[in-house]
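# Fold and contact review
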Amino acid sequence: MKAIIPAAGMGTRLRPHTFTHPKALLPVAGRPILAHIVDELAACGVDEVVLVVGHLGERVAAFARQRYPHLAVHVVWQDRPLGNGHAVYVARDHLDGTPAVIVFGDTIVKGDLAAMVRSPHSLAGVKEVPDPRRLGVVELDRDGYVRRIVEKPEVPPSRLAVIGAYYITDTRALREALQRLVDEDRRQRGEFWLADALQLMVEADVRMGTFPVERWYDCGTLEAWLAAARDLLELNPPPVPETARGQVVPPSYVSPSAVLEGSVVGPHACVGDEARVVNSRIAGSILFPRAVVEDADLVDSVVGEGAVVRRVAGRVNVGDAGQVEGASGRARAAGREPMPP
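Now for a look at the structure at hand. Because the structure is predicted, anything quoted here is derived from the model rather than measured.

### Observations concerning the side chain of Ser280
- Its location among the elements puts Ser280 in the loop between strand E18 (276-278) and strand E19 (281-283).
- We classify Ser280 as buried; its relative accessible area is 3%.
- Side-chain polar atoms of Ser280 contact the backbone nitrogen of Asp295, separated by 3.0 Å.

### Some remarks on helix H8 (residues 222-235)
- If you check H8, its first and last C-alpha atoms are 20 Å apart, about what 14 residues at 1.5 Å a residue would give, namely 20 Å.
- Every buried residue of H8 is listed here: Leu222, Trp225, Leu226, Ala228, Ala229, Leu232 and Leu233. Angular distribution of buried residues about the axis of H8 spans 155 degrees; they occupy a single face of the element.

### Let's talk about unusual backbone geometry
- A cis amide bond links Arg15 to the next residue, Pro16, at an omega of 15 degrees.
- Examined against the element boundaries, Pro16 turns out to sit in the loop between strand E1 (2-7) and helix H1 (17-20).
- Even without a glycine there, the phi angle at Glu274 is positive, about 60 degrees.
- With respect to the helices, strands and loops of the structure, Glu274 is situated in the loop between strand E17 (270-271) and E18.

### A few points about the pattern of salt bridges
- One pass over the full model with this rule turns up 18 salt bridges.
- Between Arg175 and Asp93 there is a salt bridge, with its nearest N and O atoms 3.7 Å apart. Of the two residues, Arg175 sits in helix H6 (residues 171-183) while Asp93 sits in the loop between helix H4 (84-89) and strand E6 (100-103), which places them 82 residues apart along the sequence.
- Its relative accessible area of 31% is what places Arg175 among the partly exposed residues.
- Residue classification places Asp93 among the exposed positions, given a relative accessible area of 60%.
- Among the salt bridges present, the one from Arg310 reaches Glu294, with a minimum N-O distance of 2.8 Å. Of this pair, Arg310 sits in strand E24 (residues 308-310) while Glu294 sits in strand E21 (residues 292-294); the two residues are 16 residues apart in sequence, bridging distant segments of the chain.
- Arg310 gets classed as partly exposed once you look at its relative accessible area, which sits at 23%.
- When salt bridges with common partners are traced through the structure, they connect Arg276, Glu294, Arg310, Arg311 and Glu325 into a single cluster.

### Some thoughts on the packing of aromatic side chains
- Taken as a whole and assessed by the stated rule, the structure comprises two aromatic pairs.
- Geometrically, the ring pair formed by Trp225 and Phe288 is edge-to-face, given 6.2 Å between the ring centres and 80 degrees between the ring planes. Here Phe288 lies in the loop between strand E20 (286-287) and E21 and Trp225 lies in helix H8, a separation of 63 residues in the sequence.
- According to the relative accessible area criterion, Phe288 is buried, its value standing at 2%.
- Sitting over the face of the ring of Tyr89, Arg92 holds its NZ or CZ atom 4.0 Å from the ring centroid.
- Arg207 extends its terminal NZ or CZ atom over the ring of Tyr145, reaching a point 4.4 Å from the ring centre.

### Things to note about the packing of helix H2 (residues 33-43) against helix H3 (residues 57-67)
- Relative to each other, H2 and H3 sit at 45 degrees, their axes nearing to 11 Å. Between H2 and H3, the angle falls in the class oblique. Helix-helix and strand crossings are classified by hand; for H2 and H3 the assignment is right-handed. Contact residues: Leu34, Ala35 and Asp39 in H2; Val60, Phe63, Ala64 and Arg67 in H3.
- Residues that form the contact of H2 with H3 fall into these classes: five nonpolar, no polar and two charged.

### Overview of the pairing of strand E8 (residues 122-128)
- Along E8, five of the seven residues are buried, which leaves the element largely enclosed by surrounding structure.
- Two strands pair when backbone bridges link them, and E8 and strand E11 (residues 160-168) are joined in this way by five bridges, in the antiparallel orientation. Bridged to Ala124 within E11 is Tyr166.

### Concerning the state of the cysteines
- Under the definition given, this model contains zero disulfides.
- Between Cys44, a cysteine without a disulfide, and Cys219, which holds the nearest cysteine sulfur, the sulfur-to-sulfur distance is 19 Å.
- With a relative accessible area of 13%, Cys44 lands in the buried category.
- Of all cysteine sulfurs in the structure, the one in Cys270 sits closest to Cys219, which takes part in no disulfide; the separation is 11 Å.
- In this structure Cys219 comes out as buried when scored by relative accessible area, which is 0%.

### Digging into H2
- Inspection of H2 places Ile33, Leu34, Ala35, His36, Ile37, Val38 and Leu41 among the buried residues, and these make up the whole buried set.
- In the segment just after H2, Gly45 is the residue with positive phi, at about 105 degrees.

### Some remarks on the sheet that holds strand E27 (residues 323-325)
- The strand order across the open sheet formed by five strands is E15-E18-E21-E24-E27, and the pairing between neighbours is parallel. Of all the strands in the sheet, just strand E15 (259-261) and E27 have a single pairing partner and so form its edges. Across this sheet, the average inter-strand angle for adjacent strands is 5 degrees, counted without regard to direction.
- Two strands pair when backbone bridges link them, and E18 and E21 are joined in this way by three bridges, in the parallel orientation.

Here is what the cut-offs are and how they apply
Residues numbered from 1 in each chain as written. Predicted model: local features only at pLDDT ≥ 70, side-chain atom pairs only at ≥ 80, totals over all residues. Heavy atoms only, no water. Helix = DSSP H or I, 4+ residues; strand = E, 2+ residues; numbered from the N terminus. Buried < 20%, exposed > 50% of the residue type's maximum accessible area, 1.4 Å probe, protein only. Polar contact = N/O pair within 3.5 Å; in protein donor to acceptor, adjacent residues only side chain to side chain. Expected span 1.5 Å × (residues − 1). Arc of directions from axis to C-beta. Salt bridge = Lys/Arg side-chain N within 4 Å of Asp/Glu carboxyl O. Phe/Tyr/Trp six-rings, centres within 6.5 Å; stacked < 30°, edge-to-face > 60°. Lys NZ or Arg CZ within 6 Å of the ring centre and 35° of its normal. Axes fitted to C-alpha atoms, helices over the stretch in contact; angles between N-to-C directions. Parallel < 35°, antiparallel > 145°, perpendicular 65-115°, else oblique. Left-handed = near helix turned anticlockwise from the far one by under 90°. Contact = heavy atoms within 4.5 Å. Nonpolar A, V, L, I, M, F, W, Y, C, P; charged D, E, K, R; others polar. Pairing = 2+ DSSP bridges. Disulfide = S-S within 2.5 Å.

Here you go:
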């Protein structure tokens, strides 16, 4: 079975980290976002992956081919950021009529995907949310099939949000709908939306149902990224390396090659390969590989690859190779500082 994963986004809301890392490879609970996605798909029978890449796309392709040598990995380039519909459109040669799963490359989905791919008709993954206006929204007919799907409506027809995961049984029909979208230049806010192509399919009498998503993590902002890490650590607590015993408050992920000295790490901390944490306390934070934190007290923070944070308390957001040093972090830490933009 085939999966198409649009992973060309610039991740502008996750800068400075996406200046140097593709969004799909940002770490969440010890694994890149893309690994969470592909691991779920491979478990339900996907053996062919089509990656749509753009910004730093060669790194996404190299990661997938190295980590998943047993999967057929195809790479398609989206040269211009013209929306998620356009991302699937540029992969149209792989829409050959056979069923395919489509999952956006910044969306971690937890649900019964094995049941989804057994469906005789197309499905959209949905979850009821309080305010779906920033998402795609579906309206169902009396038989429970999709009657209307709208991207980011000002007045939502329901609270059922589509969360970026689809199972398409007739991919040739999707290809035709995408081609029509582009030929007729049907854009919203300057972009081609996959939801509009799916609506064209529904109007052409292609039956589409829905499947409930148990958990869904859109890692598009710093707060959402950290929240996803917290929830996934709770869902599947990683083992604590022997060398870190006594210094880790679970659930937390600590790489076996990380070094902890006189510190307390966790809960909900993620410490990458060869990172060093010395005389510090870290909670709810992500440390990239080779990050160094000394004499600090961090919460809800992100420290980039090779970055150094010393004598700081509160929240920081430091890109790769950055350096933040305070005069006396522990003395200054009367309150938590706001996260820098």
